[in-house]
Amino acid sequence: MALRCLLRQYQGLRLFPQHIRCSSSAPSIYDRMVQITVVDVYGQRHVLRALTGHTLVDVLQEHSELLGSEEVTESPEGRGVVECVVSVPNEFLEQIPQTKDYLQQLRQITPSVTSNCRLGSKIILTKEMNDMQVAMHEVYPWRTI
């Protein structure tokens, strides 16, 4: 009530010049954020936030202190590239492109391959993937970093 009275009294005063805008229409970092739920090999859920345009393996590597380093392995491509294997829900499968030799790469990393398995380096996060849940696969222990 008191604020309304104050506002009525000072309506005629111009405290700010007309060319100054109090709010910004420029996109912020929060417009590019997505939230992903990762279920690790032990069944624990971890909610991670990431930026669109990053790969899933980059996000998992950034959160390795939370997930553990056994989730990420050396890529069959070599050269210090890391990789992970995740199961993706059916509704997100068409958003993730497949390469010709992805099955061969999957079999080099993990002992169990299903139709929903995808390589983490091939999953580039988009705004449509917000609230996606992925499940981590076990990788061969002698190939972990």
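In this report, we go over the structure that sits alongside the text. All values reported here derive from a predicted model rather than from experimental measurement.

Here the focus is the pairing of strand 7 (residues 132-136). Of the two faces of strand 7, only one is covered, namely that formed by Met-132, Val-134 and Met-136; the face formed by Gln-133 and Ala-135 stays uncovered. Note that strand 1 (residues 33-39) and strand 7 share four bridges and pair parallel. Across the sheet, residue Val-38 finds its bridge partner in strand 7, namely Val-134. Inspection of the sheet shows strand 5 (residues 85-87) paired to strand 7 by two bridges, in the antiparallel sense. Residue pairing in the sheet places Val-86 in a bridge with Met-136 of strand 7.

A separate point is helix 4 (residues 102-109). The complete set of buried residues in helix 4 reads Tyr-102, Gln-105, Leu-106 and Ile-109. The buried residues of helix 4 occupy an angular sector of 100° when the element is viewed end-on, so they sit on one face. With respect to the buried face of helix 4, the exposed residues turned more than 90 degrees away are Gln-104 and Arg-107.

On to the pairing of strand 1, then. Of all seven residues in strand 1, five are buried; the element is thus mostly enclosed. Across seven bridges, the pairing between strand 1 and strand 2 (residues 45-51) is antiparallel. Residue pairing in the sheet places Gln-35 in a bridge with Arg-49 of strand 2. Here strand 1 hands over to strand 2 after five residues, with Gly-43 in that stretch at a positive phi of 90°.

Pairing is mixed across the open sheet formed by five strands, whose spatial order is 2-1-7-5-6. Strands with a single pairing partner mark the edges of an open sheet, and in this sheet they are strand 2 and strand 6 (117-119). Neighbour-to-neighbour, the strand axes of the sheet open up by a mean angle of 40°, direction not taken into account.

Residue placement: Met-132 occurs in strand 7. Residue Met-132 is classed as buried on the basis of its relative accessible area, which comes to 0%. As a C-alpha pair, Met-132 and Glu-91 span 41 residues in sequence and 9.5 Å in three-dimensional space. Met-132 has contacts with Gln-35, Ile-36, Thr-37, Val-88, Pro-89 and Phe-92, leaving out every residue within four places of it along the chain.

Reading the values: the criteria
Sequence order sets the numbering: in each chain, residues are counted from 1 along the sequence as written. For a predicted model such as this one, the threshold for reporting local features is a pLDDT of at least 70, and the threshold for listing and counting side-chain atom pairs is 80 or more; totals across whole chains, interfaces and linings nevertheless cover every residue. Just so you know, side-chain values use all the structure's heavy atoms and leave hydrogens and water out. Residue exposure (1.4 Å probe, protein chains only): buried if accessible area is under 20% of the type maximum, exposed if over 50%, otherwise partly exposed. Under the scheme used here, helices are H or I runs from DSSP no shorter than 4 residues and strands are E runs no shorter than 2 residues, and both carry numbers assigned from the N terminus. When DSSP finds two or more bridges between two strands, those strands count as paired. Taking the helix axis as origin, the arc is that swept by the directions to the C-beta atoms. Every axis in this analysis is a line fitted to C-alpha atoms, fitted for helices over the stretch in contact. Angles between the N-to-C directions lie between 0 and 180 degrees. In what follows, residue pairs with any heavy atoms lying within 4.5 Å of each other are defined as contacts.

Function-wise, these values are silent; they only describe arrangement.
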